[in-house]
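Chain by chain, the residues run as shown.
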Amino acid sequence: MNSIEKDKMTLSEVRTLSSYINSLKDKIGDNITDDELARVSATLRKGLRESQKSHDEHGLCIPVVTLNTACVFAEMVDPDHNILLAILLNPMYENGILSLSDIKKEWGEDVAGLLEGISNVSKFSDRNSAHNQENFRGLMLSLAHDIRVIIIMIVRNLVLMRSINRHPDDEWVKNVAFEANCLYAQLAHRLGLYKIKGELEDLSLKYTNRDIYTQIAHKLNETKRSREAYIKSFIGPLKANLEKAGLKFSIKGRTKSISSIWNKMKKQKVDLPGIYDLFAIRVIIDTPPEKEKSDCWMAYSILADMYTANPARMRDWITIPKSNGYESLHATVMGPESKWVEVQFRTERMDLVAEKGLAAHWRYKGVKGDSTDQWMNNIRDILETAEAGPMQLMKNIQADAFGEEVYAFTPKGDLFKLSAGATALDFAFHIHTNVGSHCTGAIVNGSHKKLTYKIQNGDTVEILTSANQTPRQEWLNIVTTSKARNKIKQSLNEEKQRLADIGKEALLRRAKNRKVEIDEGVLMKLIKKQGYKFALEFFAEMGADRIDAGKFLNAYVDYTTQGPDAEPEKISAEEYQIIRKEDNSKDDVLVIGEQSINGLSYKFARCCNPIYGDEVFGFISSDGAIKIHKNDCPNAAHIRERYPYRIIRADWSGKTGQMLSASLRVIGNDDIGIVANISSIIAKEPNTNLRNISIDSHDGIFQGYLVIGVTDQRQLTSLLKKIKTVPGVKEVTRI
């Protein structure tokens, strides 16, 4: 044992741990074999011996929480083999007692994958993720990777919430309660884990508003006997009539959860006695699959004959089940003493799914539902494009992924499900991205509607489109679903990228024509100096003709000529401190200045590549170096207009012999041997060499760019004439 003192479990914790072990053995049944259980037990004992701590940073006993989580999962969800193994082995994996390779070898790839998922989520969940946008986003994206990890984390959160009553760290408890209510309870609701959802919401209310929770709990306790008596009197006649009809069933009565009552009290602004449908009765029918719907409706008709039903509170999730697989027929009737009672009709199979959510649904169906996969993709879309803070992010998730649903038909009778508040534009994108992108309006139930029309249950919606329509920025204020919002953003970004490509191509084309070399680093600095944070935005503006490429290129030339911080000083060229050559050479091919000064440092500009015999001028850069340009250089007009005071005379000295580069463009028929013939002429020309050649051919026409070393203009003129005589050459020019 190392120098760190191991913390010990209390006697009470040891007893609790033993009870959980016995309870788990009873619950798992045949899901884990005796051999596997023996190996797990040995691993757990090893973990207890080798672990340096038995409690986490908040004082909770790690083995007790782990065994409790496994028990709750087996009881309230499903005694799934791999999930239970992952829950039990997780502390050893987190503490480094078991490596991932050990787990893969001993327990398989799937268990190892679940442990990785739990570990990834825990990294974020332990950092008050609900109050930190990036942590919250990371947590949710990790959750969305494997739906089984979601269920594990929901159950683990329930165990945590049960364990922190009267915990001394009040701030931490409130953070845990906030996350449980806003995140895990909502996930539980969507996955059909209604018992867990209700308990999480109740505990969250208890820890965040204990006074209200206590008041409601106390009032419910005071009226418990009268409520039980009322439920019994309601059930008696209903039971007799159902039996008379020959139905096999069981009936349960319950009171709504404390948090649900509190929410209704706030919404309806009434006290507890005035709460609408405080009582709820559940009729669970034992019937074969082929008679499920008919028997549920028969039971409903018996109830409707006995009591007055409220049609506005009718909920038919048998004809169209919820996306999480929930099926039930809900009716609210006026019972004795003029009290509202909600009655739910479902079969034993439906009740299993309702009690244990998607886990039971998968077990019954044998496969995962497409609707769940669609929901998980929806969650990812919300998270990956979220730009607001965590509270808004949660609001979006609850409104979009967990909210009420509306159902609408296409003219062909196809039924689509959207979140409540969805517009005609949302409906269009739900059908197909192409339909949404070209949507101009809709015909709803025979009437023309705008894009902003909110879909109502049972609407028949025909989407109108136009090839000229494209997504617009203002559409983001119309749609409510994340799918439509993401597709609009994607389309807008694609259009922006298209314009940016056009803008950048226009700038580079102008730069090439003027022989201006673009330095990416300098270009980015100048773009930021223009007030643009991203180059994409700048080039998109240029592509949309809101920025003139020519004027910007002038600014770029100014920027590179002057330097980023230099201010132009309008002094004459003769007053500049001009750099001289160190060897003060007497063999200059140029004499510069009005006084024909020799020995000055100069360079031939690459934008026009002057050669001996061209009419030239000198331009003094800010560092004192001289660049020699041709008088007809593409940049000459700009230089003369902006910097006339920095132009200096330059003349050829009469000394030839230095070989300079000249660029040629040749256009002709794409005939075999034409390039070889041109190369042969250049090779035969004395004091001339071919330095570079690039050829591009299209539709029988070739265009070639040649860089040739020559000593003077007369030699180049002679060479041009000879190239023009090559069969197939249509045009040859100096560029």
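Residues numbered from 1 in each chain as written. Predicted model: local features only at pLDDT ≥ 70, side-chain atom pairs only at ≥ 80, totals over all residues. Heavy atoms only, no water.

(A) Seen up close, the pairing of strand β6 (residues 340-347). Counted residue by residue, β6 has seven buried out of eight residues, so it is predominantly covered. Taken together, the six bridges between strand β5 (residues 329-334) and β6 define a ladder with antiparallel strand orientation. Counterpart to Thr332 in the pairing with β6 is Glu342. (Buried < 20%, exposed > 50% of the residue type's maximum accessible area, 1.4 Å probe, protein only. Helix = DSSP H or I, 4+ residues; strand = E, 2+ residues; numbered from the N terminus. Pairing = 2+ DSSP bridges.)

(B) Examining the packing of aromatic side chains more closely. Scanning all chains against the criterion turns up nine aromatic pairs. Considering the side-chain rings of Trp297 and Tyr300, the 5.7 Å spacing of their centres and the 90° angle between planes classify their relative orientation as edge-to-face. You can see Trp297 and its partner Tyr300 sitting in helix α14 (residues 292-306), three residues apart, about one turn around the helix. Consider the rings of Tyr612 and Trp652, whose centres lie 5.2 Å apart with planes at 50°: the pair is tilted. (Phe/Tyr/Trp six-rings, centres within 6.5 Å; stacked < 30°, edge-to-face > 60°.)

(C) Up close: helix α22 (residues 535-543). When we look at burial in α22, the residues that qualify are Phe538, Phe539, Ala540, Met542 and Gly543. Of the residues flanking the end of α22, it is Asp545, one or two places downstream, whose phi is positive at about 65°.

(D) Looking closely at unusual backbone geometry. Positive phi, close to 55°, is recorded for Ser338, a residue that is not glycine. Of note, the phi angle at Asn609 is positive, near 45°, even though the residue is not glycine. Counting through the fold element by element, Asn609 comes out in the loop between β13 (602-604) and β14 (616-620). Judged by relative accessible area, Asn609 falls into the buried class, the value being 18%.

(E) View of the pattern of salt bridges. Evaluated as defined, the whole model comprises 17 salt bridges. Close ionic contact of Glu106 with Arg39 constitutes a salt bridge, the shortest N to O distance being 2.6 Å. Of this pair, Glu106 sits in helix α5 (residues 100-107) while Arg39 is found in helix α2 (residues 34-50), placing the two residues 67 residues apart along the sequence. A salt bridge links Arg346 to Asp351; the shortest N-O distance between them is 3.0 Å. The buried category is assigned to Arg346, whose relative accessible area is 1%. Residues participating in the shared-partner salt-bridge network are Glu292, Glu327 and Arg349. (Salt bridge = Lys/Arg side-chain N within 4 Å of Asp/Glu carboxyl O.)

(F) Layout of the sheet that holds strand β17 (residues 660-669). The four strands are arranged β18-β19-β17-β20 in an open sheet whose pairing can be described as antiparallel. Across the chains shown, the open sheet's two edge strands, defined by having one partner strand only, are β18 (689-698) and β20 (729-734). Neighbour-to-neighbour, the strand axes of the sheet open up by a mean angle of 15°, direction not taken into account. Across the sheet, helix α26 (residues 713-724) lies against β17, β19 (701-710) and β20, angled at about 165° from β20, the strand it touches most. (Axes fitted to C-alpha atoms, helices over the stretch in contact; angles between N-to-C directions. Contact = heavy atoms within 4.5 Å.)

(G) Representation of the packing of helix α21 (residues 520-529) against α22 in the model. For the pair α21 and α22, the least separation of the axes is 10 Å and the interaxial angle reads 80°. Judged by the inter-axis angle, α21 sits roughly perpendicular to α22. Across the interface between the two elements, Leu523, Met524 and Ile527 of α21 pack against Ala535, Phe538 and Phe539 of α22. (Parallel < 35°, antiparallel > 145°, perpendicular 65-115°, else oblique.)

(H) Geometry of the sheet that holds strand β9 (residues 439-444). With respect to topology, five strands assemble into an open sheet ordered β8-β7-β11-β9-β10, the strand pairing being mixed. Two strands lie at the open edges of the sheet, namely β8 (415-419) and β10 (447-449), each paired on one side alone. On average, adjacent strands in this sheet sit at an angle of 40° to one another, irrespective of strand direction. Where helix α18 (residues 424-431) meets the sheet, its contacts fall on β7 (405-409), β8, β9 and β11 (459-465), and the angle it forms with β8 comes to roughly 125°.

(I) Spatial organisation of helix α10 (residues 194-208). Spanning 15 residues, α10 covers 21 Å between terminal C-alpha atoms, matching the ideal 21 Å at 1.5 Å per step. Of all the residues in α10, the buried ones are Ile196, Gly198, Leu200, Glu201, Asp202, Leu203, Ser204, Leu205, Lys206 and Tyr207. (Expected span 1.5 Å × (residues − 1).)

(J) Seen up close, the environment of Glu462. Inspection of the secondary structure assignment puts Glu462 in strand β11. Assessed through its relative accessible area of 36%, Glu462 is described here as partly exposed.

(K) Summary view of the pairing of β5. Extensive coverage of β5 is indicated by the burial of five of its six residues. Inspection of the sheet shows strand β3 (residues 308-309) paired to β5 by two bridges, in the antiparallel sense. Bridged to Thr308 within β5 is Met334. Alignment of strand β4 (residues 315-316) against β5, held across two bridges, turns out to be antiparallel. Across the sheet, Arg315 pairs through a bridge with His330, a residue of β5. Here β5 folds back onto β6, and the loop between the two strands holds five residues, one of which, Glu337, carries a positive phi near 65°.

(L) Broad picture of the nonpolar core. Of all hydrophobic cores here, the largest spans 64 residues; its most connected members are Phe73, Ile154, Met161, Ile196 and Leu200. Of all elements in the fold, only α1 (11-28), α3 (62-76), α4 (81-94), α5, α6 (109-125), α8 (147-163), α9 (170-190) and α10 reach the threshold of two or more residues within this core. Among the elements that line this core, the one with the most residues is α8, at eleven residues. Excluding its chain neighbours within four sequence positions, the residues that come into contact with Phe73 are Asp78, Ile83, Leu84, Ile87, Ile151, Ile152 and Val155. If you look at the next biggest cluster of nonpolar residues, it comprises 30 residues, including Val616, Ala662, Leu664 and Leu716. (Core = buried A, V, L, I, M, F, W, Y, C linked by side-chain atoms within 4.5 Å.)

(M) How the structure looks around the packing of α8 against α10. It is at 10 Å that the axes of α8 and α10 come closest, and there the two elements cross at 35°. Between α8 and α10 lies a crossing of left-handed hand. Within the contact between the two elements, α8 uses Ile154, Val155, Asn157, Leu158, Met161 and Arg162 and α10 uses Ile196, Glu199, Leu200, Leu203, Ser204 and Tyr207. For the contact of α8 with α10, a count of residues per class yields eight nonpolar, two polar and two charged. (Left-handed = near helix turned anticlockwise from the far one by under 90°. Nonpolar A, V, L, I, M, F, W, Y, C, P; charged D, E, K, R; others polar.)

(N) The environment of Ile285, seen in detail. With respect to the helices and strands, Ile285 occurs in strand β2 (residues 279-285). Distance in space between the C-alpha atoms of Ile285 and Glu348 is 6.1 Å, their sequence separation being 63 residues. Setting aside residues no more than four positions away along its own chain, Ile285 makes contact with Lys248, Phe249, Asp295, Cys296, Ala299, Arg346, Thr347 and Glu348.

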